[in-house]
Amino acid sequence: MSELQELTQRVEILELNLNVVWSIYSASLVFLMQLGFALLESGSVREKNAQTIIFKNLVDLTIGTFSWYLVGYTLANGGSDDAGFA
């Protein structure tokens, strides 16, 4: 019975680690998409408006990050206290 409990505990730890890796990977893809959108939009406007487009995308990224921190993380992880985040 002890081996089964140890194996179950190791699987739970592995599952948690895989969830963390997947979340970091997904977040990095979103950040790269933001960079791509900024480049696409900057290429579509005049040179004098490129700085405004980059700033708009930076504000969008900042608002999205804070929204995820305040609301999205709890929705994604069920609001458990042992999640280890804020």
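Details of the structure are given in the entry above.
Residues numbered from 1 in each chain as written. Predicted model: local features only at pLDDT ≥ 70, side-chain atom pairs only at ≥ 80, totals over all residues. Heavy atoms only, no water.

Visitor: Tell me what's going on with the overall build of the protein chain, and back it up with residues and numbers.
Guide: What the protein chain contains, in helices and strands, is 2 helices and 0 strands. Looking at the 86 residues of the protein chain, the share that counts as buried comes to 9%. Here the protein chain displays about 7,600 Å² of accessible surface, and carbon together with sulfur accounts for 66% of that area. (Helix = DSSP H or I, 4+ residues; strand = E, 2+ residues; numbered from the N terminus. Buried < 20%, exposed > 50% of the residue type's maximum accessible area, 1.4 Å probe, protein only. Areas by Shrake-Rupley, 256 points an atom, 1.4 Å probe, with all protein chains shown as cover.)

Visitor: Outline the side chain of Asn57, supporting the account with residue identities and numerical values.
Guide: With respect to the helices and strands, the residue Asn57 is situated in helix H2 (residues 50–77). Other than its neighbours up to four places away in sequence, Asn57 contacts Gln34, Phe37, Ala38 and Glu41. (Contact = heavy atoms within 4.5 Å.)

Visitor: Explain the environment of Leu61 to me, and be specific about the residues and the numbers.
Guide: Checked against the element boundaries, Leu61 lands in helix H2. Expressed as a C-alpha distance, the spacing of Leu61 and Gln34, which sit 27 residues apart in the sequence, is 7.2 Å. If near-sequence neighbours (up to four positions away) are discounted, Leu61 is found in contact with Phe31 and Gln34.

Visitor: Summarise the packing of helix H1 (residues 2–44) against H2; cite the residues concerned and give the values.
Guide: Running from N to C, H1 and H2 point in directions that differ by 160°, and their axes come no closer than 9 Å. Between H1 and H2, the angle is such that the two are roughly antiparallel. The way H1 lies across H2 gives a crossing that is right-handed. Residues Phe31, Gln34, Phe37, Ala38, Glu41 and Ser42 of H1 form the contact with H2, whose own contacting residues are Ala50, Ile53, Ile54, Lys56, Asn57, Asp60, Leu61 and Thr65. Class assignment for the residues of the contact of H1 with H2 results in 7 nonpolar, 4 polar and 3 charged. (Axes fitted to C-alpha atoms, helices over the stretch in contact; angles between N-to-C directions. Parallel < 35°, antiparallel > 145°, perpendicular 65-115°, else oblique. Left-handed = near helix turned anticlockwise from the far one by under 90°. Nonpolar A, V, L, I, M, F, W, Y, C, P; charged D, E, K, R; others polar.)

Visitor: Describe a nonpolar patch on the surface, and please don't skip the residues or the numbers.
Guide: Together, Trp22, Tyr25, Leu29, Leu32, Leu35 and Leu39 line one region of the surface with nonpolar side chains, adding up to about 680 Å² of accessible area. One can find Tyr25 in helix H1. (Patch = residues over 30% accessible without salt bridge, like charges linked within 9 Å, V, L, I, M, F, W, Y side chains within 5 Å. Salt bridge = Lys/Arg side-chain N within 4 Å of Asp/Glu carboxyl O.)

Visitor: Got a sec to walk through H1? Specific residues and values, please.
Guide: Since the α-helix advances by 3.6 residues per turn, residues separated by three or four positions end up pointing in the same direction. Between its terminal C-alpha atoms H1 stretches 63 Å, which fits the 63 Å expected from 43 residues at 1.5 Å a residue. Lining the buried residues of H1 we find H2. (Expected span 1.5 Å × (residues − 1).)

Visitor: Please provide a residue-by-residue account of H2, values included.
Guide: Compared with the 40 Å implied by 1.5 Å per residue over 28 residues, the 38 Å span of H2 between its first and last C-alpha is a close match. Along H2, the largest kink reaches about 50° and is centred on Trp68. Where H2 is buried, its residues contact H1. Just downstream of H2 lies Gly78, where phi reads positive at about 80°. (Bend = angle between axes of the 7 residues up to and from the residue.)

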